[in-house]
Amino acid sequence: EMASVLPVITISRQHGRGGREIGRKLAEQLGIPFYDNELIEQAASSSPIDKSFFENAETNGINDLVRHLSEVVQNDLSVEDKVFLHQSQIIRQVAGQGPCVIVGRCADYVLKDRANVIKAFIYSDMESRKHRIVHIYRETDEKVLNNIEKVDKRREQYYNFYSGKKFGDAANYTICLDSGAIGVDQCVGILKDIYDAKQSDIESAAE
């Protein structure tokens, strides 16, 4: 029982901000599982969409979107909606197993009914993002700006569409961190402190 109330950390991020690296380092330091887009996509594609997931949407206490979509005949859903629902199911499963770090995939919204979710948004100015993409991701310079804006736009549209909220709006998150200004390791440290404090609150409340 305790596992399902311990903190889970979700990370939304702009492209080129090191959100994935922050998530991975944080998970390593905390000794908890790390899930990024690829892992969630793999998990979702390796398990067939379970019809009962749609049929039991009411009792699963799942958000309104899923309730609404489950009323639509499953076959009428777009491929994108099926994929989103399926990935959401995986996100809820892994969060139900206990503490973890989840990057992307609207995880903050998908887990909005779960207690003790620490929702981080990682951003920074365009200069430091360009620098990071050229020097760390090793992408070539002229493609950089164009690519940053394209990836950002896609993330933003995806998030806004499925959550009905605005990507990057501070009100949606527990904390917003400028990784360009404070650095990746500092971001990891801050999130670790928040996690530790939350965990000790939960443990002392349980005693």
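Quick look at the structure, then. Everything quoted here is computed from the prediction, not taken from an experiment. (Residues numbered from 1 in each chain as written. Predicted model: local features only at pLDDT ≥ 70, side-chain atom pairs only at ≥ 80, totals over all residues. Heavy atoms only, no water.)

Along the chain, Arg-114 turns up in the loop between helix 6 (107-110) and strand 4 (117-123). What makes Arg-114 buried here is its relative accessible area of 16%. Excluding residues within four positions of it along the chain, Arg-114 makes contact with Ala-3, Ser-4, Val-5, Leu-6, Pro-7, Val-8, Ala-95 and Gly-98. (Helix = DSSP H or I, 4+ residues; strand = E, 2+ residues; numbered from the N terminus. Buried < 20%, exposed > 50% of the residue type's maximum accessible area, 1.4 Å probe, protein only. Contact = heavy atoms within 4.5 Å.)

Under the counting rule described, the total for this entry stands at eight aromatic pairs. Between Phe-84 and Tyr-158, the ring centres sit 6.0 Å apart and the planes meet at 70°, which makes this aromatic pair edge-to-face. Note that Phe-84 is positioned in helix 5 (residues 79-96) and Tyr-158 in helix 8 (residues 141-163), a separation of 74 residues in sequence. One aromatic cluster in this structure is built from Phe-121, Tyr-123, Tyr-159, Phe-167 and Tyr-173. (Phe/Tyr/Trp six-rings, centres within 6.5 Å; stacked < 30°, edge-to-face > 60°.)

As a further point, take helix 7 (residues 126-135). An α-helical turn contains 3.6 residues, so a residue and the one three or four places further along point in the same direction. For helix 7, the complete set of buried residues consists of Arg-129, Arg-132 and Ile-133. Down the axis, helix 7 shows its buried residues gathered within 95° of arc, on one side only. Taking the backbone nitrogen of Glu-127 as reference, a side-chain oxygen 3.0 Å away marks Asp-125 as the first, capping residue of helix 7. (Arc of directions from axis to C-beta. Polar contact = N/O pair within 3.5 Å; in protein donor to acceptor, adjacent residues only side chain to side chain.)

What follows concerns the nonpolar core. If you look at the biggest cluster of nonpolar residues, it comprises 21 residues, and the most contacted ones within it are Ile-91, Ile-102, Cys-106 and Leu-111. For this core, the secondary structure elements donating two or more residues are helix 5, helix 6, strand 4 and helix 8. Of all the elements, helix 5 adds the most residues to this core, at five residues. Setting aside residues no more than four positions away along its own chain, Ile-102 makes contact with Val-8, Ile-9, Thr-10, Ile-11, Tyr-35, Ile-40, Ile-91, Val-94, Ala-107 and Leu-111. Ile-11, Ile-175, Cys-187 and Tyr-195 belong to the second-largest nonpolar core, a separate cluster that totals 20 residues. (Core = buried A, V, L, I, M, F, W, Y, C linked by side-chain atoms within 4.5 Å.)

What follows is about helix 10 (residues 184-206). Across its 23 residues, helix 10 extends 33 Å between first and last C-alpha, which sits within 8% of the 33 Å expected from 1.5 Å per residue. When we look at burial in helix 10, the residues that qualify are Val-184, Cys-187, Val-188, Leu-191, Tyr-195, Gln-199 and Ile-202. Of the surrounding secondary structure, the elements contacted by the buried residues of helix 10 are strand 1 (8-13), helix 1 (19-30), strand 4, helix 7, strand 5 (175-178) and helix 9 (179-182). (Expected span 1.5 Å × (residues − 1).)

Bringing the packing of helix 1 against helix 10 into the picture now. Their axes nearest at 9 Å, the elements helix 1 and helix 10 cross at an angle of 50°. Comparing their axes, helix 10 and helix 1 come out oblique. Every pair of crossing elements has a handedness; the one defined by helix 1 and helix 10 is right-handed. Residues Glu-21, Ile-22, Lys-25, Leu-26, Gln-29 and Leu-30 of helix 1 form the contact with helix 10, whose own contacting residues are Val-184, Asp-185, Cys-187, Val-188, Leu-191, Lys-192, Tyr-195 and Asp-196. (Axes fitted to C-alpha atoms, helices over the stretch in contact; angles between N-to-C directions. Parallel < 35°, antiparallel > 145°, perpendicular 65-115°, else oblique. Left-handed = near helix turned anticlockwise from the far one by under 90°.)

Considering the arrangement of structural elements, one finds Gln-93 in helix 5. With relative accessibility at 43%, the residue Gln-93 sits in the partly exposed group. For the pair Gln-93 and Ser-4, spaced 89 residues apart in sequence, the C-alpha to C-alpha distance is 9.9 Å.

Before going further, it helps to examine the sheet that holds strand 2 (residues 34-35). Ordered by their spatial adjacency, five strands build an open sheet running 2-3-1-4-5, and the pairing between neighbours is parallel. Lying at the two open borders of the sheet, with one neighbouring strand each, are strand 2 and strand 5. Lying over the sheet, helix 1 contacts strand 1, strand 2, strand 3 (101-103) and strand 4, oriented at roughly 165° with respect to strand 1. Its contacts with the sheet place helix 10 against strand 1, strand 4 and strand 5, and it is angled at close to 160° to strand 5. (Pairing = 2+ DSSP bridges.)

Right, let's get into the layout of surface pockets. As a volume, the largest pocket reaches approximately 300 Å³. Asn-37, Arg-105, Arg-154, Arg-155 and Tyr-158 are, among the 14 residues lining the largest pocket, the residues nearest its centre. Taken together, the elements giving at least two residues each to the lining of the largest pocket come down to strand 1 and helix 8. Here the lining of the largest pocket gets six residues from one element, more than from any other, and that element is helix 8. Within the lining of the largest pocket, the residues separate by chemical class into five nonpolar, four polar and five charged. (1 Å grid on protein atoms, 1.4 Å probe; cavity = no way out; pocket = protein on both sides within 12 Å on 5 of 7 lines; lining within 4 Å. Points joined across faces, edges and corners; volume = space filled by probe spheres on them. Nonpolar A, V, L, I, M, F, W, Y, C, P; charged D, E, K, R; others polar.)

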